[in-house]
Every structure is written in structure tokens, then in C-alpha cells.
Amino acid sequence: QVQLRESGGGSVPAGGSLRLSCAASGYTSRANCMGWFRQAPGKERERVATFYTATGNTNYADSVKGRFTISHDNTQNTVYLQMNSLKPEDTAMYYCAAATGIRGWKGCGSVNNYSYWGQGTQVTVSS
């Protein structure tokens, strides 16, 4: 129902910046939450940043607060993740995701609420 495709990943040195993009299509009006998640090899998937589409309320993982910013372009149904001051521990596959049927912003914080996922884009940060 909702199709997502990430882009913008790559390899950067520590301290560098990168901007990820997520193009959404399909029944995008049904998406109540949009978010970025990441998963490193051997690690579980973790929430990076999310926002509630009704109000624009955003939430960030403690590990990225002050460094990452989630935003969106309403005219093009595109979600962005601006990543600054990148660290080697940020290295992971980054996924864009959408949740439907959520009535409050707190619901965007649960990974279990996300039904639609992109294919992922790799971010590698070297020392």
C-alpha cells in the first residue's frame, strides 16, 4: 500500500555528514508515522528518528540527538535524515519505514507499529 525507497547512503570519514532520502509513494495519506531505523551486522534493529505526520512531532534515539535531524518535503512525499558528526558506531543499514492506524505521536516510537519498509541504504563511517 505504501512504497518506500531510500537513497543517499555511502562511505564517509568520522565527523562527516550525510543526508538520506526516502521517497514515498502509493497510499501515502494512510501513513501516520514515518521513521528511520538502522541495523548493524549482528545487532538488532533500532529506532533512529521518527515523526508523527499529523503534527510533525519528532523523536530521536538518545545516541543521535543533536547530530541527526528528520524532516520531510510535503510537496514530494519525501522524508530526509540529515546526519552530522558521524561516528563509526553509526555504521549500519538504514531503513525508512511507515506506520498506519496510529492516533497519537507516542505510537510512532514502537518499531512494531511499522508495516512498510524500504530496502535500506548502507551508511559506513570510517575512523
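Right, let's walk through the structure included here. All figures in this text were calculated on a predicted structure; none of them were measured in a lab. (Residues numbered from 1 in each chain as written. Predicted model: local features only at pLDDT ≥ 70, side-chain atom pairs only at ≥ 80, totals over all residues. Heavy atoms only, no water.)

Notes on the overall build of the protein
Counted only if it meets this: The helix count covers DSSP runs of H or I at least four residues long, the strand count covers runs of E at least two residues long, and both are numbered beginning at the N terminus. As defined in this context, the radius of gyration uses C-alpha atoms, and a globule is described by 2.2 Å times the residue total to the power 0.38. Summary of the burial criterion: residues with accessible area below 20% of their type's maximum are buried, those above 50% are exposed, and those between are partly exposed, where the area comes from a 1.4 Å probe applied to protein chains only. Contact definition: two residues touch when any of their heavy atoms are within 4.5 Å. Computed with a 1.4 Å probe, the accessible areas rest on the Shrake-Rupley method; for each residue, only the protein chains presented here act as cover. Only four residue types enter the tally: Lys and Arg on the positive side, Asp and Glu on the negative side, with His and both chain ends excluded. The location of each charge is read from NZ of Lys, CZ of Arg, CG of Asp or CD of Glu.
Counting its regular elements, the protein contains 0 helices and 11 strands. Order of helices (α) and strands (β) in the protein, N terminus to C terminus: β-β-β-β-β-β-β-β-β-β-β. At 14 Å, the protein has a C-alpha radius of gyration in line with the 14 Å of a compact globule built from 127 residues. Seen through its C-alpha atoms, the protein measures out along the principal axes to roughly 40 × 25 × 25 Å. Counting all 127 residues of the protein, 42% fall into the buried class. Within the protein, counting contacts between residues at least 6 apart in sequence, those at least 24 apart form 60% of the total. Counting every atom, the protein has about 6600 Å² of accessible surface; 44% of that belongs to carbon and sulfur. Between the mean site of the 12 positive side-chain charges and the mean site of the 7 negative ones, the protein shows a separation of 6 Å.

Describing the sheet that holds strand 7 (residues 68-73)
Here is the rule: Here, any two strands with at least 2 DSSP bridges between them count as paired. Lines fitted to C-alpha atoms define the axes, with helix axes restricted to the stretch in contact, and inter-axis angles between N-to-C directions lie between 0 and 180 degrees.
Sheet architecture is open: 4 strands sit in the order 1-3-8-7, paired in antiparallel fashion. Both edges of this open sheet fall to strand 1 (2-7) and strand 7, since each of them pairs with a single strand only. Ignoring strand direction, the axes of neighbouring strands in this sheet form an average angle of 20°. Summarising the sheet, strand 7 and strand 8 (residues 78-83) pair through 6 bridges and their orientation is antiparallel. Bridged to His72 within strand 8 is Val79.

Thoughts on the pairing of strand 5 (residues 46-52)
Regular strands show a simple pattern: their side chains alternate between the two faces of the sheet. With respect to burial, strand 5 is a largely interior element, 5 of its 7 residues being buried. The pairing of strand 4 (residues 31-39) with strand 5 spans 6 bridges and is classified as antiparallel. From the neighbouring strand, Trp36 faces strand 5, where its bridge partner is Ala49. Linking strand 4 back to strand 5 in an antiparallel pair, the connection comprises 6 residues, with Gly42 at a positive phi of about 80°. Taken together, the 3 bridges between strand 5 and strand 6 (residues 58-60) define a ladder with antiparallel strand orientation. Bridge pairing in strand 6 links Thr50 to Asn59. In this antiparallel pair of consecutive strands, strand 5 and strand 6, the connection spans 5 residues, and Gly56 shows a positive phi of 85°.

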